Amino acid sequence: MARKLGASESYQQMAEAAAVNGFNRILSKLNQNDPENYRGFLFTLNNQKNTNNPNDGFSWELINTTEAKPLEELCTDTSMGLPIHPSSETAKWPTGHVGKGNTETIISVPFIDDETRTQRQDGKGSIQTFYRLRDYLSPGKNGLGEGVFQIEGIAKRVGSSDEDYLARTLLTRSLYISSSVVRPEDWGVLAAQHIDLGPANISGAGLILWDVESPNSFQRKGGCDDNTLKAGIQGQSSAVADRIWPVLNRGLPSTALYDKNKVIDTMPSDSGATRVWSIDDTGNNSNFNCGADQIVCTRANHSQTTSAPPGIQITSKVSSTGQTSQQASNGFTWDATLACIYNWCYTGKPTLRDGYSWYKSSIYYKTWKSWTTQAQKEWEVRIRQNDICSNQNGECHLYVEHINIKNTRVLIENDNKPIVLHLELPVSGSTPTNLSGRIELSESSLLCGVNSGQTTCNNRPESFVITSSKGDAPSDCATNRVLDDPYVLSVAGNSLPAAWVALGKGTFTLSSDAEMRGVIWANSFCSKDHSLNLITDRADGGEGSVTRAAEELWQWSTYGFKGYGRTVARGIRGTGLDTFRRW
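The following refers to the structure shown. Please read these numbers as outputs of a predicted model, since none were measured by experiment.

Notes on the nonpolar core
Nonpolar side chains in soluble globular proteins generally cluster together in the buried interior.
Reasoning step 1: Y258, L447, L496, F508, W521, F525 and L532 are the most contacted members of the largest nonpolar core, which has 80 residues in total.
Reasoning step 2: Broken down by element, this core gets its largest block of residues, 14 residues, from strand 27 (residues 498-526).
Reasoning step 3: Filtering out sequence-adjacent residues up to four positions away, F525 remains in contact with L190, A192, H194, I195, D196, L197, A200, C477, F508, I520 and L532.
Reasoning step 4: By size, the runner-up hydrophobic cluster in this structure holds 29 residues, among which are F43, W60, I63 and Y136.

Structure (structure tokens):
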């Protein structure tokens, strides 16, 4: 009796060791550091019995079939399939199922391929150990969190069935699954849900991340071909065809990424009121007015009263091109080139003092409104670090409700602290105005970060963030919406030379061909058939791309953000105690 008990305990120890070693075998396959045999995507799929639909369980075994579950990264290469079961052509690795996943026929996976070899002899035959995955519960489609494995370890005589065992143990082990972007080439540097790419191009490392709502078109034959993907986002350049990476309902990263040491810019006279900025040099916006010849206005977020900000360096000169502009004003003057009242407008020759003609207007004016021709000015606005955020340390958050500039250079010092421009009003206690809620930059304008006292843009997009968490999340690039709606950033030429754009529910668009260094994350990217050259190399010659510079500055990894793009999933450590169940 004692001998039988001793043998039984010995078999149980063999089975327990087999379960642990079997788990390690499975993990080594899933964590295999070989791009040609990457199977980490299996961490994102449940692999367990489906009692509601017996033919729809064990998702690992359905890959490369018409019943395969869609992955979050829809065009992941799964062609390598599962590893081959070493002792059966019909059984699946690592469950041992013969046929469909819920089959009752199981052939467990041996550790030794050669049946003539033995791990133990008891006088009745050769004894070996085996393992199989009973089930796996995934942390979810994003592959981030706790995954739970159940592994069976079996001790039996060679040639006997799985039901004719000497000992059998079920190991339950929890493992932390981490998905991260590991290379600059895999970062999504242009990402949106709705993309009208046009002739846009990427110079440097990075992908075009296309966040879609349905997997259907990508599960069809040819759905992930380069040309199919390019056509899906209205791309015109073959150079970007192999950079398009569709993901399923991932969403854009949170704007909290830029809140490491958040300092909010406040009114100089009231530290409890957030300061809201607007800049307009067009001279024809009746909603923008904070004094004659003023192009920068600020107000407290809870008030509609605007004024020119004190201490800001603003200089101007007559345009070297000799251009003129129309300036609107209330009231009547004989020096006007156009004046209107009620439904009648009077056109000067060239001024009203020199004679005039008149016509009936479709617009009704309650009082006189006059337009005069003035020499076009060129402006430069310098916002120094001690002008904003009370000169405190930490990234400075400025709230902007309107920027429309034609001939203005806006230089914001950001060499000692990053600048975060919010194209929105503060969430609480804010009073809206009739200003646009847009940033519009013409080819002859400039908005950028500079080093202290310098006039040359420093080309550090990681330190010059334009963001918003508000908007209607539009699903198209309709012309009237792009031209009129709020939460739109419109650029042209080199007007925005370097920026990290994060408009989760807004739109990035072009009014002419443009070039920018940085990253664009937006709900909609609308080229309007203009070309964008998006540069992702670092201007300072540092290692990696602009995404590496951003990681270094914002220290995202310490907050659990592992990047945004094409990910690699890995099982990295246990999250709880192992449990063993014996038979």
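Observations concerning a nonpolar patch on the surface
Reasoning step 1: Residues F332, W334, Y342, W344, Y356, W358 and Y364 make up a contiguous nonpolar surface patch of roughly 830 Å² in combined accessible area.
Reasoning step 2: When residues in the nonpolar patch are grouped by element, the largest group, 3 residues, is from strand 18 (residues 356-375).
Reasoning step 3: Relative to the helices and strands, Y342 is located in strand 17 (residues 338-348).
Reasoning step 4: Here Y342 falls in the partly exposed class, since its relative accessible area comes to 43%.

Section: the state of the cysteines
Reasoning step 1: Counted by the stated rule, this structure contains 6 disulfides.
Reasoning step 2: C389 shares a disulfide with C396; S-S distance 1.9 Å. The disulfide joining C389 to C396 has a torsion of about 90° about its S-S bond and is therefore right-handed.
Reasoning step 3: Between C448 and C457 runs a disulfide, and the two sulfur atoms are separated by 2.1 Å. For the disulfide bridge between C448 and C457, the dihedral angle about the S-S bond is near -80°, and by the sign convention the bridge is left-handed. Assigned by exposure class, C448 and C457 land together as buried.
Reasoning step 4: Assigning the bonded cysteines of the protein chain consecutive numbers by sequence position, one obtains the connectivity 1-2, 3-4, 5-6, 7-8, 9-10, 11-12.

Definitions and cut-offs
- Residues numbered from 1 in each chain as written.
- Predicted model: local features only at pLDDT ≥ 70, side-chain atom pairs only at ≥ 80, totals over all residues.
- Heavy atoms only, no water.
- Core = buried A, V, L, I, M, F, W, Y, C linked by side-chain atoms within 4.5 Å.
- Buried < 20%, exposed > 50% of the residue type's maximum accessible area, 1.4 Å probe, protein only.
- Helix = DSSP H or I, 4+ residues; strand = E, 2+ residues; numbered from the N terminus.
- Contact = heavy atoms within 4.5 Å.
- Patch = residues over 30% accessible without salt bridge, like charges linked within 9 Å, V, L, I, M, F, W, Y side chains within 5 Å.
- Areas by Shrake-Rupley, 256 points an atom, 1.4 Å probe, with all protein chains shown as cover.
- Salt bridge = Lys/Arg side-chain N within 4 Å of Asp/Glu carboxyl O.
- Disulfide = S-S within 2.5 Å.

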